[in-house]
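Chain and residue survey
Take a look at the letters that make up each chain.
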Amino acid sequence: MKRFFSLFFVALVASFIVVNAQSSVVTFDDFQLPAESHTSLTDTTFVDQTTNYWTSGNFTFSTYLWSDYLFFGGTMLSNVTDTAFDANEYVEHQFRAIAGPMHANDVFAVYYGGSDTPILVNNPEGEVVNGMYITNNVWTYSSVVNGDAMTSAFAQGDYFKVMIIGEKMNVEGTDTTYTVTDTIDYYLADFRGESLMVVNTWQWIDLSGLGKVNRIQFAFDGTKTNQWGLLTPTYFCYNDFNATRPVETNVNVETINVTLYPNPVTDFLYITGMEGTCNVEMYSLDGVLVYKGTMNNFGSIDVSSMTKGVYMVRVNGDKGTTVKKVIVK
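Given the structure is predicted, the values throughout are model-derived calculations rather than measurements.

Here's the deal with the overall build of the protein
A tally of regular secondary structure across the protein gives 3 helices and 22 strands. When the 329 residues of the protein are sorted by exposure, 50% land in the buried category. In the protein, 71% of the contacts between residues at least 6 apart in sequence involve partners at least 24 apart. As displayed, the protein offers around 15000 Å² of accessible surface, 50% of which is attributable to carbon and sulfur atoms.

Re the nonpolar core
Counting 40 residues, the largest nonpolar core has M132, I164, L207, F236, Y238 and F241 as its most contacted members. At 4 residues, strand 9 (residues 175-190) tops the list of elements feeding residues into this core. If near-sequence neighbours (up to four positions away) are discounted, F241 is found in contact with S24, V25, V26, F59, F61, I119, V129, G131, M132, L207 and I216. Of all hydrophobic cores here, the second largest spans 20 residues; its members include V280, I301, Y311 and V326.

Regarding a nonpolar patch on the surface
Taken together, the side chains of L285, V310 and I327 make up a nonpolar region of the molecular surface, amounting to roughly 210 Å² of accessible area. Examined against the element boundaries, V310 turns out to sit in strand 21 (residues 309-317).

Structural notes on helix 3 (residues 138-146)
Where helix 3 is concerned, the buried positions are V138, T140, S142, S143 and V144. Where helix 3 starts, the residue carrying a side-chain oxygen 2.8 Å from the main-chain nitrogen of W139 turns out to be N137. Just beyond helix 3, the residue with positive phi is G147, at close to 80°.

Focus on the pairing of strand 3 (residues 71-78)
Here strand 3 lies mainly inside the structure; 7 of its 8 residues are buried. Here strand 2 (residues 59-66) runs beside strand 3; their pairing, made up of 4 bridges, is antiparallel. When the bridges of strand 3 are listed, Y64 appears paired with G73. Counting the residues in the hairpin turn of strand 2 and strand 3 gives 4 residues, including L70, whose phi is positive at 50°. When strand 3 meets strand 4 (residues 108-112), the two strands line up antiparallel, connected through 5 bridges. The residue bridging G74 from the neighbouring strand is Y112, located in strand 4.

Focus: the packing of aromatic side chains
Taken as a whole and assessed by the stated rule, the structure comprises 30 aromatic pairs. A ring pair is formed by W54 and F61, whose centres lie 5.1 Å apart and whose planes are at 25°; its orientation type is stacked. Exposure remark for F61: the relative accessible area of 0% places this residue in the buried category. With a centroid separation of 6.4 Å and an interplanar angle of 70°, the aromatic rings of Y64 and F71 are classed as edge-to-face. Residue classification places F71 among the partly exposed residues on the basis of a relative accessible area of 32%. Cation over ring: R192 sits above Y159, and NZ or CZ is 5.7 Å from the ring centre. Above the face of the Y178 ring, R215 is positioned so that its terminal group lies 3.6 Å from the ring centre.

A look at the confidence of the model for the protein
Mean pLDDT over the protein: 87, with 90% of residues reaching 70 or higher. Contacts for the low-pLDDT stretch residues 1-21, under 50 throughout, to residues beyond four places or in other chains number 51 contacts.

Examining the environment of F72
Locating F72 in the fold gives a position in strand 3. In this structure F72 comes out as buried when scored by relative accessible area, which is 1%. Along the chain, F72 and L41 lie 31 residues apart, while their C-alpha atoms are 7.0 Å from each other. Leave out the neighbours within four places in its chain, and F72 touches L41, Y64, L65, Q94, F95, V110, Y112 and Y235.

Quick notes on the pairing of strand 1 (residues 51-56)
Relative to strand 2, strand 1 runs antiparallel, the two being bridged by 6 bridges. Opposite W54, over in strand 2, you have F61 as the bridge partner. If you look at the hairpin formed by strand 1 and strand 2, you'll find 2 residues sitting between the two strands, and G57 has a positive phi there, around 60°.

Digging into the environment of M169
Mapped onto the secondary structure, M169 falls in strand 8 (residues 159-172). Put simply, M169 and P124 are 45 residues apart on the chain and 8.1 Å apart in space, counted from C-alpha to C-alpha. Setting aside anything within four residues of it in sequence, one finds M169 in contact with P124, T176, T177, Y178 and N214.

Parameters at a glance
- Residues numbered from 1 in each chain as written.
- Predicted model: local features only at pLDDT ≥ 70, side-chain atom pairs only at ≥ 80, totals over all residues.
- Heavy atoms only, no water.
- Helix = DSSP H or I, 4+ residues; strand = E, 2+ residues; numbered from the N terminus.
- Buried < 20%, exposed > 50% of the residue type's maximum accessible area, 1.4 Å probe, protein only.
- Contact = heavy atoms within 4.5 Å.
- Areas by Shrake-Rupley, 256 points an atom, 1.4 Å probe, with all protein chains shown as cover.
- Core = buried A, V, L, I, M, F, W, Y, C linked by side-chain atoms within 4.5 Å.
- Patch = residues over 30% accessible without salt bridge, like charges linked within 9 Å, V, L, I, M, F, W, Y side chains within 5 Å.
- Salt bridge = Lys/Arg side-chain N within 4 Å of Asp/Glu carboxyl O.
- Polar contact = N/O pair within 3.5 Å; in protein donor to acceptor, adjacent residues only side chain to side chain.
- Pairing = 2+ DSSP bridges.
- Phe/Tyr/Trp six-rings, centres within 6.5 Å; stacked < 30°, edge-to-face > 60°.
- Lys NZ or Arg CZ within 6 Å of the ring centre and 35° of its normal.
- pLDDT = per-residue confidence, 0-100.

This is the structure in structure tokens:
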């Protein structure tokens, strides 16, 4: 296997940022990876078969490495731009995001595993984390859409989600315990409606609802299981940790005349007035993508299984873009 550039503990001193007030956004670009590479599964700066901690900005991330089996859990870093997946090359291809890097020459995080490799807040009082961007790993995406050696492709009724768990630290004498503040469920793939929704772009998640936390853990749930657990590969990619809400989801934008009705809506939202083929996306107000598809002149979205509330619908075509608020009741 190709050995990749070893960066963690060498770069930590140079990359640590002192934050006096609200922590800044962690982009991971303080780690200078060579082009088209990722952090190494044989990195000798890690202590093997244990959880290693490393810092970026005002947060500490963790990685478990078992080099003999080329296995990792928790967070590794990548800047690989290729979005293809070959199961025969899974050791290398697991470090790819289906959306590619967020920005040019961008480093992003790849997470694998469960709730034993947390993100820690470097503030004993805890902090409210604004949010982060997330997308599917190529292995997960391929398993959902095409199936793999472990399981078939998703069918109606299937879903796969990551559970983002906020925890507050409690210190009593020499004992430290953690209390769950809240949990946010994010569906990376969802076929509980009439069509498959699988995340293939970078999407912002609002994490502020977790409250003031000292650490964040991740867990997974889904319908593709056997007696040993989930069959869907438990990966996701993330970036811009602690990023704030994108501006576009807060405002109405209209450069093309498109009609959405009825509004409020309970079952089907109809969209008319589109010229040619348009890309249609629907977001909750916390930035979560709940629908993505293409429509030609006329189309509809089944909202009957969506949570009641306010959503933003973005219609983008050759003639321009419309973003409108819709109420699901």
